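# Observations on the model geometry
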Amino acid sequence: MLTAALLVAALLLVAACVRVRTHGDRDAWARDTLANGPAALRIATYNTSLNDDRAGGLVARLEAGDANAMKVAAVLQRVRPDVVLLNEFDYDEAHRAADLFQQRYLDVRQAGGGEALRYPYRYLAPVNTGVPSGYDLDRNGRVGGDGREAGNDAWGFGLHPGQYGMLVLSRYPIASSEARTFQRFRWKDLPGARAPRDPKTGEAWYAPEVWARFPLSSKSHWDLPIDTPAGRIHVLAAHPTPPVFDGPENRNGLRNHDEIRFWAEYLSSGDRPWLCDDAGRCGGLAAEAAFVILGDHNADPVDGDGEPGAAAQMIDHPRVNAAVAPTSEGAAERAREYGFPRRGDVATHTGDFGPNTGTLRLDYVLPSKNLPVRGGGVFWPEKGAPGSELLDASDHHLVWLDIGPR
């Protein structure tokens, strides 16, 4: 067996290779499980809008004391998920923003929140947003430029590398050495990829040399095995691009569709030698594995601007248990105020995009069928209800499910 020193060194080497960090006391987790036995596991996703247009901007804001970060922490303290994916949390290589958020926000009782909330384990890694492609992806005649023009020519829209990143926080150990990331998986390698075309000419929107390098994921796709009291659960985390902010070529809408389709392929049976992660390991998720799909997928099941059927690719997958759709009274209230015609259940909506767009269901917690669901919800209180003062921290609201022991 490895000595303690060798084990620590091995873990640090793994973290250095994939640029992730996990923290925690496995012995404390084991003692807690033995003392209390298995209970419901609360798993959540939350687009926090903790991003900044400046490189290092989120770190500076968190160091100074950020009002929105306080509200985000207060929501987490109220709901107290055991595992949570934070979308739109800027990535920095030193992990300073993640450190600050834990130490100065979650570790401190926030106004409107609850007791301090400690996550011993975390996972974060680079994403494609803000990474310059070196190509004129929006075909405006210029490569890069300033502001939004530069963002449009990045592999995923962003004004600096790491903007709109992802962060997973967990009470339970993350098997980071077994984690799979698909940041560099190429769109062309998805069989039947819906490559955008110029509607005027019918020709491919992206030149062959661009298409050969174009990553499917606008941020990344992660498979994180987490060892919970309910057994090992694979957290499948992503944040597909919004299907808007493009033109008639629909390059973002098609990419959003295929980013969601990636999970459908990852969960389906059969050999998939083309489905290779950033470490070169190929194939999908084992048939017996328990999982939860998490994230802001920017696709409503029946409403909004996404490609028809995009969200259904994961909701209707034969391995997914979508029987419980979390709801809130606040979403239904706000949808009534806006008055937009909606075909779906407005109580399941998770995002509020103002009077010009209305509310939509974009954020999902979708467990596998071998995980029993005991309940869930969306943190969206009605006006004047306790916690409603926290809702303006983000245009999305936290979604959770309670998973019972198997």
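Shown above is the structure to which this text applies.
Cut-off values and rules
- Residues numbered from 1 in each chain as written.
- Predicted model: local features only at pLDDT ≥ 70, side-chain atom pairs only at ≥ 80, totals over all residues.
- Heavy atoms only, no water.
- Helix = DSSP H or I, 4+ residues; strand = E, 2+ residues; numbered from the N terminus.
- Rg over C-alpha atoms; globule rule 2.2 N^0.38 Å.
- Buried < 20%, exposed > 50% of the residue type's maximum accessible area, 1.4 Å probe, protein only.
- Contact = heavy atoms within 4.5 Å.
- Lys, Arg positive; Asp, Glu negative; His and termini not counted.
- Charge placed at Lys NZ, Arg CZ, Asp CG, Glu CD.
- Disulfide = S-S within 2.5 Å.
- Core = buried A, V, L, I, M, F, W, Y, C linked by side-chain atoms within 4.5 Å.
- Salt bridge = Lys/Arg side-chain N within 4 Å of Asp/Glu carboxyl O.
- Pairing = 2+ DSSP bridges.
- Axes fitted to C-alpha atoms, helices over the stretch in contact; angles between N-to-C directions.

## Side note on the overall build of the protein chain
- Across its full length, the protein chain carries 10 helices and 13 strands.
- In terms of overall size, the protein chain behaves like a compact globule, its C-alpha atoms giving a radius of gyration of 21 Å where 406 residues would be expected to give roughly 22 Å.
- Expressed as lengths along the three principal axes of its C-alpha atoms, the size of the protein chain is roughly 65 × 55 × 45 Å.
- Split into buried and exposed, the 406 residues of the protein chain put 54% on the buried side.
- A fraction of 76% describes how many contacts in the protein chain between residues 6 or more apart in sequence connect residues 24 or more apart.
- Across the protein chain, 44 positive and 53 negative side-chain charges occur, with their mean positions spaced 3 Å apart.

## Side note on unusual backbone geometry
- Backbone geometry places Phe-245, a non-glycine residue, at a positive phi of 65 degrees.
- Within the secondary structure layout, Phe-245 lies in the loop between strand E7 (231-237) and helix H8 (251-267).
- The exposure class assigned to Phe-245 is exposed, which follows from its relative accessible area of 57%.
- Despite not being glycine, Asn-298 shows a phi value in the positive range, around 55 degrees.
- Looking at the element boundaries, Asn-298 is found in the loop between strand E8 (290-296) and helix H9 (312-315).

## Topic: the state of the cysteines
- Tallied over the entire structure, the rule returns 1 disulfide.
- The disulfide bridge from Cys-276 ends at Cys-282, spanning 1.9 Å between sulfur atoms. Since a negative S-S torsion denotes a left-handed disulfide, the Cys-276-Cys-282 link at about 100 degrees is right-handed.

## Looking at the nonpolar core
- Grouped together as the largest cluster of nonpolar side chains are 64 residues, with contacts concentrated most on Tyr-46, Leu-76, Leu-86, Phe-89, Phe-101 and Leu-398.
- For this core, the element with the most residues is helix H4 (residues 67-79), which contributes 7 residues.
- Apart from residues lying up to four places away in sequence, Tyr-46 is in contact with Val-72, Val-75, Leu-76, Val-84, Leu-85, Leu-86, Asn-87, Ala-393, His-396, His-397 and Leu-398.
- Grouped together as the second largest cluster of nonpolar side chains are 33 residues, Leu-137, Ala-238, Trp-263 and Phe-291 included.

## Some thoughts on the pattern of salt bridges
- This structure, assessed with the given rule, holds 26 salt bridges.
- A salt bridge links Asp-402 to Arg-42, with the shortest nitrogen-to-oxygen separation between them at 2.7 Å. Taken together, the residues span a long stretch of sequence, with Asp-402 in strand E13 (residues 399-403) and Arg-42 in strand E1 (residues 41-50) at a distance of 360 residues.
- Residue class for Asp-402 comes out buried when judged on its relative accessible area of 14%.
- Residue classification places Arg-42 among the partly exposed positions, given a relative accessible area of 22%.

## Details of the sheet that holds strand E3 (residues 121-123)
- Read from one edge of the open sheet, 6 strands run E3-E4-E2-E1-E13-E12, paired in mixed fashion. One side of each edge strand has no neighbouring strand; the edge strands of this open sheet are E3 and strand E12 (373-378). Within the sheet, the average angular offset between the axes of one strand and its neighbour, ignoring direction, is 15 degrees.
- Relative to strand E4 (residues 166-170), strand E2 (residues 83-89) runs antiparallel, the two being bridged by 5 bridges.

## Some points on the sheet that holds strand E11 (residues 363-367)
- Pairing within the open sheet is mixed, and its 5 strands lie in the order E5-E6-E7-E8-E11. The open sheet has two edge strands with one neighbour each: strand E5 (180-181) and E11.
- Relative to E7, strand E6 (residues 222-228) runs antiparallel, the two being bridged by 7 bridges. From the neighbouring strand, Leu-224 faces E7, where its bridge partner is Val-235.
- Sitting on the sheet, H8 touches E5, E6, E7 and E8, and the angle it makes with E7 is about 150 degrees.

## Describing the pairing of E6
- For E6, the tally of buried residues reaches 7 of 7 residues, placing the bulk of the element in the interior.
- Along E6, one buried face is formed by Trp-222, Leu-224, Ile-226 and Thr-228 and the opposite face, lined by Asp-223, Pro-225 and Asp-227, is buried too.
- One ladder, built from 2 bridges, connects E5 with E6; its direction is antiparallel. Residue Thr-181 lies in a different strand from E6, and its bridge partner there is Trp-222.
- The antiparallel hairpin formed by E6 and E7 contains 2 residues in its connecting segment.

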